[in-house]
Amino acid sequence: MPRPPRPQDDTTRCVEELRAALALHGITLPSLGLDLPTFAGTYTPPVGLVSLGNCNAATARALTAALRRAAP
C-alpha cells in the first residue's frame with residue numbers, strides 16, 4: 001500500500017516549480033527553499049512554508065517587472 005503524500009513532498013514540489021517558473025524569466029532566488037522548522041510544528045493540517053530568502057535589488061526589480069508583465 002503506497003504511503004500518503006507528506007506535506008514536505010508537496011512543498012518541495014512547489015519550490016521546484018517556483019524555481020523553474022522564475023528561471024523562465026531569468027530570475028534566480030539563491031536562498032529559495034523549504035522553511036524546515038515549520039515541519040516540526042503541530043499544525044492541523046500540516047503545512048510547510050516556502051522560504052523565499054533574500055535577493056539583491058537587481059533581482060527584486062526583475063521579479064517586479066515580471067509580475068507587472070503578467071498582471072492583467
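The structure under discussion appears in the preceding block.
Residues numbered from 1 in each chain as written. Predicted model: local features only at pLDDT ≥ 70, side-chain atom pairs only at ≥ 80, totals over all residues. Heavy atoms only, no water.

The secondary structure content of the protein chain amounts to 2 helices and 2 strands. Along the chain direction, N to C, the helices and strands of the protein chain fall in the order α-β-β-α. Looking at the protein chain alone, contacts between residues at least 24 apart form 41% of all its contacts between residues at least 6 apart. (Helix = DSSP H or I, 4+ residues; strand = E, 2+ residues; numbered from the N terminus. Contact = heavy atoms within 4.5 Å.)

Our next topic: the pattern of salt bridges. Two side chains bearing opposite charge may form a pair once their charged atoms approach each other closely. Per the stated rule, a full pass over the model turns up 1 salt bridge. In this structure, Arg-13 and Asp-10 form a salt bridge, with 3.8 Å as the shortest nitrogen-oxygen distance. Residue Arg-13 and its partner Asp-10 are located together in helix α1 (residues 7-24), separated by 3 residues, close to a single helical turn. (Salt bridge = Lys/Arg side-chain N within 4 Å of Asp/Glu carboxyl O.)

Before going further, it helps to spend a moment on helix α2 (residues 57-70). An ideal rise of 1.5 Å per residue puts 20 Å on 14 residues; α2 measures up with 20 Å between its terminal C-alpha atoms. Its side-chain oxygen placed 3.2 Å from the backbone nitrogen of Ala-58, Asn-56 serves as the N-cap of α2. (Expected span 1.5 Å × (residues − 1). Polar contact = N/O pair within 3.5 Å; in protein donor to acceptor, adjacent residues only side chain to side chain.)

We now examine the environment of Ala-62. The topology assignment puts Ala-62 in helix α2. Residues Ala-62 and Ile-27, 35 residues apart in the sequence, show an inter-C-alpha distance of 6.8 Å.

Its place among the elements puts Thr-59 in helix α2. The exposure class of Thr-59 is buried, given its relative accessible area of 16%. Not counting residues within four places of it along the chain, the set of residues in contact with Thr-59 comprises Ile-27, Thr-28 and Leu-29. (Buried < 20%, exposed > 50% of the residue type's maximum accessible area, 1.4 Å probe, protein only.)

So, to be careful, I would describe these as geometric facts and stop short of saying anything about function.
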